[in-house]
Structure formats: structure tokens, C-alpha cells
Amino acid sequence: MKRIAVLGSTGSIGQQTLEVIASQPQRLKLIGLSAHSRIDLLEQQAARYHPEVVAVVDGEHAARLASRVEALPVLEGVEGLVRVATDPRVDVVVVGTSGRDALVPLMKAIESGKQIALASKELLVMAGALITRLARAHQTTLVPIDSEHAALFQALRGIPKPEIASISITGSGGPLWSFEASQLRDVSVSTVLNHPKWQMGPKITVDSATLMNKGLEVIEARWLFDMPLDRIHVLIHPQAQVHGLVELIDGTVLAQMSPCDMRLPIQYALSFPERWPTRVPSVSLVQQSPLTFFEPDLARFPCLRVALDAARRGDSACAVLSAANDVAVRAYLKEELPFGDIARITEETLSQHQAASMQTVEEILAVDAWARATAQTLVSAECGMRHAECEMGTPHPAPRTPYRSL
Ligand SMILES: NC(=O)c1ccc[n+]([C@@H]2O[C@H](COP(=O)([O-])OP(=O)(O)OC[C@H]3O[C@@H](n4cnc5c(N)ncnc54)[C@H](OP(=O)(O)O)[C@@H]3O)[C@@H](O)[C@H]2O)c1
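Residues numbered from 1 in each chain as written. Predicted model: local features only at pLDDT ≥ 70, side-chain atom pairs only at ≥ 80, totals over all residues.

## Quick notes on the site of the ligand
No. 1: What surrounds the ligand is a group of 29 residues, the closest being Gly8, Gly11, Asp101, Met200 and Gly201.
No. 2: Of all the secondary structure elements, the ones that give two or more residues to the shell around the ligand are α1 (12-23), α6 (121-137) and α9 (202-210).
No. 3: If you tally residues by element for the shell around the ligand, the top one is α1, at three residues.
No. 4: Taken together, the residues that form the shell around the ligand break down as nine nonpolar, 14 polar and six charged.
No. 5: Split by domain, the shell around the ligand shows at least three residues from each of two domains, domain 1 (2-119) and domain 2 (150-391). (Near = placed C-beta within 6 Å. Helix = DSSP H or I, 4+ residues; strand = E, 2+ residues; numbered from the N terminus. Nonpolar A, V, L, I, M, F, W, Y, C, P; charged D, E, K, R; others polar. Domains from an automatic or database assignment.)

This is the structure:
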């Protein structure tokens, strides 16, 4: 029996993880849950799945939940996340939070010898060197949940490193793949959130539409598989049946295929090193035929270019990339920024940064804080400029959607 803690249980990954745990009652037992502030959902999850302990990052929400569930210990803050992630009853920690607050809990979980099932790619993008060094030191395998990395992780099993020529990450292209460049400056939030293949949280869905997600995934793959950037490729594959490919030195290509259902990589990350049956329907090659593959278009989707540039510049540039993009995406979701400005805000923040290597969590968090403040200043300037133009009656070419902040 494996005993599980789920960080981010109220999110898309977290909810699907709970489904997987419930589907394997003989093999998996839930110990701990955590959320940021959605305590109504957390309370429902506690009633349905019976964890031994929960943590809520936001203090006010933690106190409110504690007053409702007297028999259940409710921990608070990032320290609460750390206690859930290092609880001696836990064997496997699923990291499915958005944002940076799970960095320290993840590192403490590695230090206390937990198996890690990792969905939160932003943590590897901001602190990949530190996390993978720690994992090596504690002989912990970071088992990826991200579908492309789960694919590569499986395809690479048993292959000696010198036999690997390159790896490729696929992406469906997202909801805007067929849009002309002129249409991409101003796209409504509802269009962007309507992903053709995957149901995910809002931040990663926007990243899929800008193709920033593929850039973050290249950086994630570089750390997970210890692979130089020039041997990691991105392919657009609209049918989203092949999730990752490994090319070997003799020209052989191994591809991993599975349906678009995150419960599959989640279960594999929990069952590893074993593999268990699921009720997920198998791939129908005939129905999905033909399978097509394209090079990504970096001109129409500049976020991918910006991400690859940051990856080449080094560790701190990756932390800046992730933080600035996060600020820009959240501003876009609040309709404060047009879609096309996500790349611009991220690139301008990066242009103000001198890349350096980072050795400690404190250095990483300082870079993250600087990038967030800088990106937020750029977003506010953009909002202010638009506000002034609206007041002067100057028509602005950007969003059709009204700005809530005005
Ligand atoms: N969704 C997918 O299919 C998918 C696929 C591959 C990789 N991933 C990666 O998995 C991660 C989670 O994605 P998601 O789509 O599940 O996101 P999501 O639906 O937005 O859920 C995020 C979870 O993190 C919690 N959270 C938010 N801010 C937090 C903070 N400051 N500290 C601690 N917890 C916090 C949320 O709690 P509240 O609900 O209380 O806000 C929620 O439980 C992301 O890194 C994403 O890139 C997701």
C-alpha cells in the first residue's frame, strides 16, 4: 500500500489524482491534501476521501476551514504544506500546485526521502539545478506527471544514455494553432480557455495557447533527463496521441502514445516502478488517423522563442521567464492585458535582467520576486496607457474585451 499526499488537491491535477487514488483502494491510501484558498472544495474532498491531515496556504481560509472540520487537523501556510509533504505516514508526494510556494515543500519532501510525482513544471523551470541536485543527493527519482515528460520517462526506461540522440516533446498547438498572426494580438479569454484536447487549469491553458507551455517543457525536460538544450525538440502534433519521441543514435525512434487523459500519467507516477491496469480507453489508431506533425511557428507564437532564448541564457533567466510570464498570464486572465502582450511583457522583463547562476533557495526567490515586480510595473504601465487613451477618446487597436481594471 502506497500512502499519498497531494499538494494542490483542488486543482485540475489534484482532482484527477484523487480519482486515481479512489480507483486503486487496494494499492493507494490518501494521507494529506492541500489547497491555497478554495476551502469549500477542500472540505468536500475531505468528506469524500477522508485524509488524515489538510493544509491551506492562506491563513484566513485555513482558520475558516478549521472551524468547520473539527475532527481534521488543518495546517496553515507554506509551513503547513511542508508538514504535509514530510509527514512520516506519507510515501509519495504529488506536487500539483500552481505558483512558487511549493518549492520549499518539494525540497523538504525530497530531503525526507519521499517519492515525488511532479506536475508543477514551473518549479523545475525556476529551480531545476537545485531540485535535481537535491534529488540526486537523496537518490530520489522525480517521476513526471506532465504528459510529454511522462511519455519520455517511459520511452527512456532502460536505454543507456550514450544511445540517446535526441528527445522530442509534442504539443497539440492549442486552440489558436490555425489563427493568422494578425488575429493573435487580440484573442478573448473564453477562446483561449477552450483547449481542443485537454481540460486543465487556466494558467497552463493560456500557456498552451501562447506555446509558452512548450518552452517551459523544454526547460523541464532538460533538468528531468539531464539533456542538452540542442538535443530537445518541439513538434506540433494536433491529434495529441503521440506525447514524446526518443531518437536513438542508430536512427530508431521510440514514440509513446496514449489518449489525452491525465489520469494515465498520474497513475503511472503513483505506481512507478510498477504499472497497473486502468479503465482509461486505449488509443484508437484508425479513428485518429492520419497523425500529422509540424515544426512550431516561432513568428506567430513568440513566447516559445522567448522561452528558448531564456533557456540558453541560463538558470536565473529561466526563473525570470517563469515569473514574468505568470504575471502577464494572470493579467491577461483578468482582462488587463491583450493576449499579444504576454510575450512582450515577458521579453521586456528578461531584457532588464543580467543572467547568473543561482545556488540557494533565497537567491531563486529573490530573482522571482524581482521579475514579478518588474513585470507588474510593465503591466500597470500598459493599463495606464490604455486608460489615458480611452479618456482622450483615442481608439486603441487592442482588446475587444473590456478591461475590468478601468
Ligand atoms: N492540468 C493539467 O492537465 C496539467 C498537465 C501538465 C502539467 N500541469 C502542471 O501542474 C500544475 C498545476 O496545474 P493545474 O492545471 O492543476 O492548476 P490549477 O487547476 O490552477 O490548480 C492549482 C492548485 O494549486 C493550488 N495553489 C494555487 N496557488 C497556490 C499557492 N500559492 N500555494 C500552494 N498551492 C497553491 C490551488 O489551490 P486553490 O484551488 O485553493 O487555489 C490548486 O489546488 C501546473 O504547474 C501545471 O503546469 C498541469
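Next, the rest of the story.
## Re the domain arrangement of the protein chain
No. 1: Domain annotation of the protein chain identifies domain 1 (2-119) and domain 2 (150-391).
No. 2: Computed from C-alpha coordinates alone, the two centres of domain 1 and domain 2 are separated by 25 Å.
No. 3: Taken residue by residue, the interface counts 18 residues in domain 1 and 13 residues in domain 2.
No. 4: Mapped by element, the contributors of at least two residues to the side of domain 1 that touches domain 2 are β1 (2-7), α1 and α5 (103-111). (Contact = placed C-beta atoms within 7 Å.)

## Quick look at the sheet that holds strand β8 (residues 164-171)
Working definition: the strands of a sheet are paired by backbone hydrogen bonds and lie parallel or antiparallel to each other.
No. 1: Ordered by their spatial adjacency, four strands build an open sheet running β9-β8-β10-β11, and the pairing between neighbours is mixed. Every interior strand has two partners, whereas the edge strands, β9 (232-236) and β11 (253-257), have only one. In this sheet, neighbouring strand axes are inclined to one another by 20° on average, regardless of whether the strands run parallel or antiparallel.
No. 2: For β8 and strand β10 (residues 242-248), the ladder comprises five bridges, and the chain directions are antiparallel. For Ser168, the partnering residue across the bridge sits in β10 and is Leu245. (Pairing = 2+ DSSP bridges. Axes fitted to C-alpha atoms, helices over the stretch in contact; angles between N-to-C directions.)

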